[in-house]
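Residues per chain are reported as follows:
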Amino acid sequence: MSADWVVVVAGYVLCAATWASYALLLRRGGRRRRTGGGS
Amino acid sequence: MRRVTDTVRAHPPRTLLGVAALVATALAVPVDLVLAPPDRLQGDAQRLMYVHVPSVWTAYLAFAVVLLASLGVLAAHDPRWDTVAVAAAELGAGMTALTLAEGALWGSRSWGTWWTWDPRLVSTALLLVLYVAYLLVHSLPGPADRVQRRAAVLGIVAFAQVVVVHFSVLWWRSLHQPPTLLGPDQPAPIAGSMLSALLVSLVASTLAGAWFVASRCEQLRAAGAAESAAPAPRPATASRGDEVVAGRRG
């Protein structure tokens, strides 16, 4: 595999990992709000 | 106790968005990696454009949503706008980080360096810092309406940096190429086969972003509703005197 294809594959893997992390965030719930209930 | 994750129910329009994003992605990958021709000068490394440009496009769109929703927070005092702004800021921050990482990969091949103090790179890094700051401000303890208003002000002001990032390659001398699709030269200086591949990727990324924001909004609303329904904590104990957990006041 040429150096060009190495960076291309790395870019697509990064992209897939980012979207997978968003899907995981939706699955697990993510951060909770720490603010109060409002006034 | 109901789990927050259980409240993100199946919702036909949102499910349709998710399916459409998956179909567009399944179409985009072979088009980008096989059907689109390699660049005459940059070779196959230029294929990074098909993830780099959609990432920053999605970030721009997300930050535009943060801007509009923040205006909604200040004008309408409706917490639903705040939820939209937070979901969009989370998407935009992640897409900006992805843009920087993909740009570093591309730069390593085309410029011979992963990073340089170039106006486009520095302004994009600052864009990421601003929206991470937005999320941090939003997570500060305090009365919800005050926190939401402060974050909304930052969400409005920070959008100016999107303009700076976009025009940085025109305003200053930059290693980065000027905008291709949204640049002053029309028709866009790009081969038709490459443009088609890029448009498919842009559609896939936009659909995926819309799916995420819609899903995350419902999740954050459910979390907020569950928190509001929870019994308030006891404010003081014998050992802590008058100390009150600041985040639970208001």
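Residues numbered from 1 in each chain as written. Chains lettered and ligands numbered in written order. Predicted model: local features only at pLDDT ≥ 70, side-chain atom pairs only at ≥ 80, totals over all residues.

**Student:** Is there a simple way to explain the overall build of chain B in this structure?
**Tutor:** Scanning chain B for helices and strands turns up 7 helices and 0 strands. Starting at the N terminus and walking to the C terminus, you meet the elements of chain B as α-α-α-α-α-α-α. Buried residues in chain B amount to 37% of all 250 residues. Considering only contacts within chain B whose residues lie at least 6 apart along the sequence, 76% involve residues at least 24 apart. (Helix = DSSP H or I, 4+ residues; strand = E, 2+ residues; numbered from the N terminus. Buried ≥ 20, exposed ≤ 12 C-beta atoms within 10 Å, placed from the backbone. Contact = placed C-beta atoms within 7 Å.)

**Student:** Looking at this structure, I do not really get the environment of valine 66 of chain B. What am I missing?
**Tutor:** Residue and element names in this part refer to chain B. With respect to the element layout, valine 66 can be found in helix H2 (residues 49-76). The exposure class assigned to valine 66 is buried, which follows from the 30 C-beta atoms found within 10 Å. Spatially, the C-alpha atom of valine 66 lies 35 Å from that of aspartate 44, the residues being 22 residues apart in sequence. Sequence-distant contacts of valine 66, that is, excluding residues within four places in its chain, are made with Ala85, Ala88, Ala89, Gly92 and Gly155.

**Student:** When you look at the nonpolar core in this model, what are you seeing that I'm missing?
**Tutor:** It is characteristic of soluble globular proteins that their nonpolar side chains tend to be buried jointly. The biggest cluster of nonpolar side chains holds 63 residues, and the ones touching the most others in it are Ala62, Val66, Ala85 and Ala88 of chain B. At the level of elements, helix H1 (3-28) of chain A together with helix H1 (12-35), H2, helix H3 (79-110), helix H4 (119-138), helix H5 (144-157), helix H6 (159-171) and helix H7 (192-229) of chain B are the ones that each hand at least two residues to this core. Examining the composition of this core, we find that 15 residues originate from one element, H2 of chain B, more than from any other. (Core = buried A, V, L, I, M, F, W, Y, C linked by C-beta atoms within 7 Å.)

**Student:** I would appreciate a short explanation of the packing of H2 of chain B against H7 of chain B in the present structure.
**Tutor:** For any two helices packed against each other, the geometry is given by the interaxial angle and the distance between the axes. Residues and elements named next belong to chain B. Here H2 crosses H7 at 40°, and the two axes come no closer than 9 Å. Overall, the two elements H2 and H7 adopt an arrangement that is oblique. Considering only the axes of H2 and H7, their crossing is right-handed. Each of Met49, Tyr50, Val51, Val53, Pro54, Ser55, Trp57, Thr58, Leu61, Ala62 and Val65 in H2 lies in contact with H7, whose residues at this interface are Ala197, Leu198, Ser201, Leu202, Ser205, Thr206, Gly209 and Val213. Within the contact of H2 with H7, the residues separate by chemical class into 13 nonpolar, 6 polar and no charged. (Axes fitted to C-alpha atoms, helices over the stretch in contact; angles between N-to-C directions. Parallel < 35°, antiparallel > 145°, perpendicular 65-115°, else oblique. Left-handed = near helix turned anticlockwise from the far one by under 90°. Nonpolar A, V, L, I, M, F, W, Y, C, P; charged D, E, K, R; others polar.)

**Student:** Help me out: how do you make sense of the environment of proline 189 of chain B in this one?
**Tutor:** All names here are of chain B. Within the secondary structure, proline 189 sits in the loop between H6 and H7. Proline 189 gets classed as exposed once you count the C-beta atoms within 10 Å, which come to 11. C-alpha separation for the pair proline 189 and proline 179, spaced 10 residues apart in sequence, amounts to 9.8 Å.

**Student:** Which parts of the structure should I look at to understand the confidence of the model for chain A?
**Tutor:** Detail in the predicted coordinates should be disregarded across regions flagged by low pLDDT. In the predicted model, chain A carries a mean pLDDT of 81, and the fraction of residues at 70 or more is 74%. Long-range and interchain partners of residues 35-39 of chain A, a stretch whose pLDDT sits below 50, account for 23 contacts in this model, where long-range means more than four residues apart. (pLDDT = per-residue confidence, 0-100.)

**Student:** What is the right way to read the confidence of the model for chain B from this model?
**Tutor:** Residues and elements named next belong to chain B. The pLDDT averaged across chain B works out to 87; a share of 87% of its residues lies at or above 70. Across residues 236-250, confidence stays below pLDDT 50; counting only partners more than four residues off in sequence or on other chains, it has 24 contacts. Interface confidence for the predicted complex, expressed as ipTM, amounts to 0.82; the pTM equals 0.84.

**Student:** What's the story with H6 of chain B in this structure? I'm lost.
**Tutor:** Each α-helix winds once per 3.6 residues, and so residues spaced three or four apart point in a common direction. Residue and element names in this part refer to chain B. The end-to-end C-alpha distance of H6, which contains 13 residues, comes to 18 Å, matching closely the 18 Å that a straight helix rising 1.5 Å per residue would cover. At valine 165, H6 shows its largest kink, close to 35°. For H6, the complete set of buried residues consists of Val162, Val165 and Ser168. Next to the buried residues of H6 lie H2 and H4. (Expected span 1.5 Å × (residues − 1). Bend = angle between axes of the 7 residues up to and from the residue.)

**Student:** Please explain unusual backbone geometry as it appears in this structure.
**Tutor:** Glycine aside, negative phi is the norm for most residues, and most peptide bonds take the trans geometry. Residues and elements named next belong to chain B. Look at histidine 77: it is not a glycine, yet its phi comes out positive at around 50°. Take histidine 77: it is sitting in the loop between H2 and H3. What makes histidine 77 partly exposed here is the crowd of 13 C-beta atoms within 10 Å.

**Student:** Explanation requested: the packing of H1 of chain A against H7 of chain B in the structure shown.
**Tutor:** Axis separation between H1 of chain A and H7 of chain B bottoms out at 10 Å; the angle between their running directions is 20°. Classified by the angle between their axes, H1 of chain A and H7 of chain B sit roughly parallel to one another. Judged by the sense of rotation from one axis to the other, the crossing of H1 of chain A with H7 of chain B is left-handed. Along the contact surface, H1 of chain A presents Trp19, Tyr22 and Leu26 of chain A, while H7 of chain B presents Ala208, Phe212, Ser215, Arg216 and Gln219 of chain B. When grouped by side-chain class, the residues that make up the contact of H1 of chain A with H7 of chain B number 5 nonpolar, 2 polar and 1 charged.

**Student:** How should H5 of chain B be read in this particular structure?
**Tutor:** Residue and element names in this part refer to chain B. Across its 14 residues, H5 extends 20 Å between first and last C-alpha, which sits within 8% of the 20 Å expected from 1.5 Å per residue. All buried positions along H5 are accounted for by Ala144, Val147, Gln148, Ala151, Ala152, Leu154 and Gly155. End-on, the buried residues of H5 take up no more than an arc of 165°, which puts them together on one face. (Arc of directions from axis to C-beta.)

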